[in-house]
Amino acid sequence: MPVIEVKGLRFRYEGSEAWSLDGVDLEVSEGELVLVVGPTGSGKSTLLRAVVGLIPHFYRGDYQGSVRVCGLDVAETPVHVIATKVGMVFQNPETQLFSTTVEAEVAFPLENLGVPRDEMLARVEEALRATGMAELRKKNPAELSGGQKQRLAIASIIAMRPEVLLLDEPTSMLDPVSAQEILEFVVGYCRSEGKTMLVSEHRLDLLVPVVDRIVVFSEGRIAFDGSPQHFFLRHTGAEFGIKPPRVPEVYHRAVAASGSGGCERVPLTAGELVELVSSGDP
Ligand SMILES: Nc1ncnc2c1ncn2[C@@H]1O[C@H](COP(=O)(O)OP(=O)(O)OP(=O)(O)O)[C@@H](O)[C@H]1O
Ligand SMILES: [Mg+2]
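If you're wondering where the values come from, they're calculated on a predicted model, not measured in any experiment.

Before going further, it helps to examine the overall build of the chain. Looking only at helices and strands, the chain features 11 helices and 10 strands. Relative to the globule expectation of 19 Å for 282 residues, the C-alpha radius of gyration of the chain, 20 Å, shows essentially globular dimensions. Each principal axis of the C-alpha distribution contributes one length, and for the chain these read about 65 × 45 × 35 Å. Counting over 282 residues, the chain shows a buried share of 49%. Restricting the contact set of the chain to residue pairs at least 6 apart, pairs at least 24 apart contribute 63%. Summed over its atoms, the accessible surface of the chain is roughly 13,400 Å², and 50% of this surface lies on carbon and sulfur atoms.

Okay, structure coming up:
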């Protein structure tokens, strides 16, 4: 049984004329890491909101089709119950921070879940260390930088140990080095714990080589759903209004310049590109 099952989903925000999601079908299996991409306004955040239940419980509008997560019908399940299965890091972390200290921010949802005190302290400690926030534990979240707020939001959901992690542009406020660090951590965490992840991210270079699938949104619909290998063999991303990651882009340019038909596999990492060039293939 898939962990996430979206069938014929259409959603139109109250007061809008257009459907922000216009017939979305998506199945995600346990342990899969899925990268969600697409131009601004294509529906990425709206999909994630529908998976965590903010749509239809918080955002009003016209809702058709169904979303099931871990066997629960999202439209018929209270948000606090879905929150025990699904953790989401919002595109704007400001909107999800409300405690007076960093450690309280991570501890509070665990208290709500009834996690015993010793275990709660251990989980808070682990999550703060993993995200590089341990030294800032006594700080007020309101005083943190944008990047630190993003780390804190990630720490909070990791401590909850949900089965599904939804990350909506989790590194938009981080510098490239911190972004890499945090994405490597989250990907490693999901792999080692067998968690399922949906991540919307503009920094494709870091994620394309490590995810199982890419789902491309265009005007509220899924324009492509398949492996990164499959996608970049035929596309650079530019066709869909996505900024192409560097390695496949260089490869496509080289193939075009050489006039050859290209290879059977497209390199996705710098290492694979070097290997391909030194093999003298195309
Ligand atoms: N709260 C809202 N109320 C009304 N319309 C909204 C709301 N949020 C998003 N929309 C509209 O829904 C459509 C999809 O928006 P969404 O935020 O899901 O796109 P996105 O792919 O996440 O874009 P971005 O890359 O800019 O984050 C857009 O037309 C947007 O204007
Ligand atoms: Mg968005």
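The rest of the description comes next.
If you look at the biggest cluster of nonpolar residues, it comprises 55 residues, and the most contacted ones within it are Leu 35, Val 106, Leu 128, Met 197, Ile 214 and Val 216. The biggest single contributor to this core is helix H6 (residues 146–160), with eight residues. For Leu 128, the residues in contact, after removing those within four places along its chain, are Val 102, Glu 103, Val 106, Met 133, Ala 134, Arg 137 and Ala 155.

Right, let's talk about the site of ligand 1 for a bit. For ligand 1, the set of nearby residues contains 16 residues, the closest of which are Ser 20, Gly 41, Lys 44, Ser 45 and Thr 46. The separation between an oxygen atom of ligand 1 and a polar side-chain atom of Thr 40 is 3.3 Å. Coverage of ligand 1 by the protein chains reaches 66% of its 630 Å² of free accessible surface. If you tally residues by element for the shell around ligand 1, the top one is helix H1 (residues 44–52), at four residues. The class makeup of the residues in the shell around ligand 1 is three nonpolar, 10 polar and three charged.

This next bit is on the coordination of the magnesium ion (ligand 2). Surrounding the magnesium ion (ligand 2) are the protein donor atoms Ser 45 (OG) and Gln 91 (OE1), which sit 2.0 to 2.3 Å from the metal. Of the two residues, Ser 45 is situated in helix H1 and Gln 91 in the loop between strand E6 (86–89) and helix H4 (102–113); the sequence distance between them amounts to 46 residues. Residue class for Gln 91 comes out partly exposed when judged on its relative accessible area of 33%.

Cut-offs and rules
- Residues numbered from 1 in each chain as written.
- Chains lettered and ligands numbered in written order.
- Predicted model: local features only at pLDDT ≥ 70, side-chain atom pairs only at ≥ 80, totals over all residues.
- Heavy atoms only, no water.
- Helix = DSSP H or I, 4+ residues; strand = E, 2+ residues; numbered from the N terminus.
- Rg over C-alpha atoms; globule rule 2.2 N^0.38 Å.
- Buried < 20%, exposed > 50% of the residue type's maximum accessible area, 1.4 Å probe, protein only.
- Contact = heavy atoms within 4.5 Å.
- Areas by Shrake-Rupley, 256 points an atom, 1.4 Å probe, with all protein chains shown as cover.
- Core = buried A, V, L, I, M, F, W, Y, C linked by side-chain atoms within 4.5 Å.
- Near = heavy atom within 4 Å.
- Polar contact = N/O pair within 3.5 Å; in protein donor to acceptor, adjacent residues only side chain to side chain.
- Nonpolar A, V, L, I, M, F, W, Y, C, P; charged D, E, K, R; others polar.
- Donors = N, O, S within 2.8 Å, 3.2 Å for Na, K, Ca; no water.

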